[in-house]
Amino acid sequence: MTLIIRTSNLSKSFAEKKVLKNISLNINKGASVGLVGHNGAGKTTLFSLLCGYLQPNSGEIEILGTAPASPSLSGRLSILPQDASFVAGIKVGKQLTMLAELQGFSSKDAVTEARRVLEIVSLSKEWGQLPEKLSHGMLKRIAIAQAFIGEPELVLLDEPTAGLDPESAKRIRDLVRKKQHEITFVISSHNLEDIEDLCQEILILKSGQLTHHENIANLTARENVLTFKMEQELPKNVENLFSEIPLITSVKKGKDGERKLVVYFQSSDNDALLEIDILKCLAAANLRYREMVRGERLADKVLDMSH
Amino acid sequence: MSISNSSLRVRQVVILIKQDIQRTLQGPHGQLFLIFFALFWFWFLWQSSGGIAQSFSASGNQSNEAWLLSWVFSLLFDGDQRVLFVEHPATLSLYYVIAISTMPVFVLLAASNQTASDIGSKYLRFIIPRCTRMEIYIARFVGASIIVNGSYLLITIAAAILSGAIDPDTTWSSLISYGLQITLSILFYSLPFVAIMALCSASIGSASLSALTGTSVYSIITLSVSFIAFRWPDVEIAGYLVPSVTKPLHLSLNFAELSQAGVLSLVFVLFFAGLGWRTFSKRDI
């Protein structure tokens, strides 16, 4: 596997506050990676260091085999910055054209490329619009469009679907899914469903430290686990409900107010019948569920891991 | 670890300069400068069309007409510059003296938004993956210099045409050569002020604050230098803290002194723009 991002003992402080602490990570080409963590965990700071917006206090970074902000990264690395604004007073199409020119397109090709990326976020009609006349969601999509100019090898998306309506968010997810075989994505998001849907690996930051770098498939193994979202609070000794099923290995209850139940069991020849037995136990205790998922949900798993 | 942000590709710089000029011409900050600048010089040309400049070349008695311009000029006028009115077209000389004297005000305003608002709005985050900080810094410096000097060039042409029309015994060839001299002198005199604002704008993420800081700091230093010059006349070195020390050299229009002014201007540019680059290359974007 080719290493696309490598950091070693990366630290960053703002004044006295240490925002990132000794982050060492390796990301391989081709694996889309989700970056999650609470607000203030250091996600945007890590992105900013990778792109050369910020300089680290210590540690090393290598992106696509070179230093951040190296001229050789032009056109190979793209980013959707979280809070950057376009220049007021200059039409959107013109700004995208200029960015394409900076990436090496000729003046004529830059116009074509700018039109292409506006098309992929379904905003072709806004070519002649000024940024200050557009909604937040539209500006977000245009910012996403600029990240797809040319043929980048690595795209960093900071909160790509935050603030978008469901239809636009779906369009962005579809776009990422479609491009995944040619581009490596690193996606920072609070939306864990997006991460589960789009990424193969997950990085969990907690108070500036990288606590986990896991394969999502391992975390959300579909076998031997059933996760329920219940309609009412669970009784205290909920594990007793399943005492008559010997294949049940453990039962986990969500925290107060979560109404979550996770049942782990040993695999057998007939897991389907076992699942029916589990449902019968719930029905016998008059416990109704709203949702049943085979395996564990990433959101639950991450919540557990980040506490 | 240091980021390799000091490479320089001419194509990137040219693209950024084009965008910077377009933004200045279309944006509120640039338009404010252009309106202010145009109004001031329109007023000057209007006042000068009555032939006030000839009164300076003739006897030093100012005409009663255009009294406001005469009053402004009396504040700026140094007896040493009277030779300009005798040896060169008077109206163009009057424009030149006023242009050099008022330049800090206009340039500190015009060049205040080089990297400032883009740092504040984080627009540079779209650009950084595509070009180096050095390319951005140089492009913004050159863009601001083009706006400033382009504006002065237009007024110089207008003043030269007016001078040709109203000053007696003036030939177009003398106007052109004198106009070119003035243009070059304005270019060299303006660059250190653009460099001061490159430093301010790299340090502050707001064009308005950058303009305010630049003018305030410059005013304080100029007043301090004037005070030192008044209190301790032997301490001449203090005058070299501000680029306006080259003003008398520029106004002499003597080749040796103009060359000296050019060298001094370049030293100022290297000093202030160098400090600005040091700030910009290391700052968080």
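Note that the coordinates shown come from a computational prediction; the quantities given were computed from them, not determined experimentally.

### Structural notes on the overall build of chain B
Step number 1: If you tally the helices and strands in chain B, you get 13 helices and zero strands.
Step number 2: Start at the N end of chain B and walk to the C end: the helices and strands fall as α-α-α-α-α-α-α-α-α-α-α-α-α.
Step number 3: The buried share of chain B, taken over its 285 residues, is 47%.
Step number 4: A separation threshold of at least 6 residues defines the contact pool for chain B, and within that pool the share at least 24 residues apart is 76%.

### Things to note about the overall build of chain A
Step number 1: Check the secondary structure of chain A and you find nine helices and 13 strands.
Step number 2: Based on the C-alpha atoms only, the size of chain A along its principal axes is roughly 75 × 45 × 35 Å.
Step number 3: Of all 307 residues assigned to chain A, the portion counted as buried reaches 40%.
Step number 4: Sequence separation of 24 or more characterises 67% of the internal contacts of chain A that already satisfy a separation of 6 or more.

### As for the interface of chain B and chain A
Step number 1: Residue-level contacts link 27 residues of chain B with 33 residues of chain A.
Step number 2: Elements with a minimum of two residues in the side of chain B that touches chain A: α1 (10–26) and α8 (124–127) of chain B.
Step number 3: Per-element tally for the side of chain B that touches chain A: the top contributor is α1 of chain B, with six residues.
Step number 4: Taken together, the residues of the side of chain B that touches chain A break down into ten nonpolar, ten polar and seven charged.

### Comments concerning the nonpolar core
Step number 1: Within the largest apolar cluster, 150 residues are counted, with the highest numbers of intra-cluster contacts made by Val-194 and Ala-195 of chain B.
Step number 2: Of all the elements, helix α10 (residues 172–203) of chain B adds the most residues to this core, at 16 residues.
Step number 3: If near-sequence neighbours (up to four positions away) are discounted, Val-194 of chain B is found in contact with Val-107, Ala-111, Phe-141, Ala-144, Ser-145 and Val-148 of chain B.
Step number 4: Listed in part, the nine residues of the second largest apolar core include Leu-226, Phe-228, Val-262 and Phe-265 of chain A.

### Describing the packing of helix α2 (residues 92–102) of chain A against α1 of chain B
Step number 1: Where α2 of chain A contacts α1 of chain B, the two axes come as close as 9 Å, and the packing angle between them is 165°. One finds that α2 of chain A runs roughly antiparallel with respect to α1 of chain B. Crossing of α2 of chain A against α1 of chain B: the hand is left-handed. The residues of α1 of chain B that touch α2 of chain A, namely those facing Met-98, Glu-101 and Leu-102 of chain A, are Gln-12, Ile-15 and Gln-19 of chain B.
Step number 2: When the residues that make up the contact of α2 of chain A with α1 of chain B are grouped by side-chain class, the tally is three nonpolar, two polar and one charged.

### Concerning the sheet that holds strand β5 (residues 77–80) of chain A
Residue and element names in this part refer to chain A.
Step number 1: Reading across from one edge, β5-β6-β7-β3-β8-β9 is the order of the six strands in this open sheet, with mixed pairing throughout. Looking along the sheet, the strands with just one partner apiece sit at the ends: β5 and β9 (209–215). Neighbouring strand axes in the sheet, compared pairwise and without regard to direction, differ in orientation by 15° on average.
Step number 2: Of the strand pairs in this sheet, strand β8 (residues 201–206) and β9 are connected by six bridges, and their pairing is antiparallel. Paired with Lys-206 across the two strands is Gln-209, which belongs to β9.

### A look at the pairing of strand β1 (residues 3–14) of chain A
Along any regular strand the residues' side chains alternate between the sheet's two faces.
All names here are of chain A.
Step number 1: Bridging between β1 and strand β2 (residues 17–28) involves eight bridges; their strand directions are antiparallel. Across the sheet, residue Thr-7 finds its bridge partner in β2, namely Leu-25.
Step number 2: Between the end of β1 and the start of β2, which pair antiparallel, lie two residues, with Ala-15 showing a positive phi angle near 55°.
Step number 3: In this sheet, strand β4 (residues 58–63) lies alongside β1 in antiparallel orientation, the contact comprising five bridges. Looking at the pairing, Thr-7 lines up with Ile-61 of β4.

### Let's talk about the domain arrangement of chain A
Residues and elements named next belong to chain A.
Step number 1: Per the domain assignment, the segments of chain A are domain 1 (3–219) and domain 2 (225–305).
Step number 2: Taking the mean C-alpha position of each, domain 1 and domain 2 sit 38 Å from one another.
Step number 3: Mapped onto the side of domain 1 that touches domain 2, the elements with two or more residues apiece are α6 (192–198), β9 and α7 (216–219).
Step number 4: Looking at the side of domain 1 that touches domain 2 element by element, the count peaks at four residues for α6.
Step number 5: Class assignment for the residues of the side of domain 1 that touches domain 2 results in six nonpolar, two polar and two charged.

### Some details on the packing of helix α6 (residues 90–110) of chain B against α10 of chain B
Residues and elements named next belong to chain B.
Step number 1: Contact geometry for α6 and α10: axes closest at 9 Å, N-to-C directions at 15°. In terms of orientation, α6 and α10 fall into the roughly parallel class. As α6 packs across α10, the resulting crossing turns out to be right-handed. Along its contact with α6, which presents Leu-92, Tyr-96, Ala-99, Ile-100, Met-103, Pro-104, Val-107 and Leu-108, the element α10 presents Leu-175, Tyr-178, Gly-179, Ile-182, Ile-186, Tyr-189, Ser-190, Phe-193, Val-194 and Met-197.
Step number 2: Across the contact of α6 with α10, the residue classes break down as 16 nonpolar, two polar and no charged.

### Concerning the sheet that holds strand β11 (residues 248–253) of chain A
All names here are of chain A.
Step number 1: If you walk across this open sheet you meet the four strands as β11-β12-β10-β13, and the pairing is antiparallel. The sheet terminates laterally at β11 and β13 (289–294), the two strands that pair on one side only. With direction set aside, neighbouring strand axes in the sheet form an average angle of 15°.
Step number 2: With five bridges connecting them, strand β10 (residues 225–230) and strand β12 (residues 260–265) associate as antiparallel partners.

### Observations regarding unusual backbone geometry
All names here are of chain A.
Step number 1: The backbone of Ala-15 shows a phi angle near 55°, a positive value even though the residue is not glycine.
Step number 2: With respect to the helices and strands, the residue Ala-15 is situated in the loop between β1 and β2.
Step number 3: Exposure remark for Ala-15: the 5 C-beta atoms within 10 Å place this residue in the exposed category.
Step number 4: Here Ala-69, not a glycine, exhibits a phi torsion of approximately 65°, which is positive.
Step number 5: Position of Ala-69 relative to the elements: it lies in the loop between β4 and β5.

Rules of the game
- Residues numbered from 1 in each chain as written.
- Chains lettered and ligands numbered in written order.
- Predicted model: local features only at pLDDT ≥ 70, side-chain atom pairs only at ≥ 80, totals over all residues.
- Helix = DSSP H or I, 4+ residues; strand = E, 2+ residues; numbered from the N terminus.
- Buried ≥ 20, exposed ≤ 12 C-beta atoms within 10 Å, placed from the backbone.
- Contact = placed C-beta atoms within 7 Å.
- Nonpolar A, V, L, I, M, F, W, Y, C, P; charged D, E, K, R; others polar.
- Core = buried A, V, L, I, M, F, W, Y, C linked by C-beta atoms within 7 Å.
- Axes fitted to C-alpha atoms, helices over the stretch in contact; angles between N-to-C directions.
- Parallel < 35°, antiparallel > 145°, perpendicular 65-115°, else oblique.
- Left-handed = near helix turned anticlockwise from the far one by under 90°.
- Pairing = 2+ DSSP bridges.
- Domains from an automatic or database assignment.

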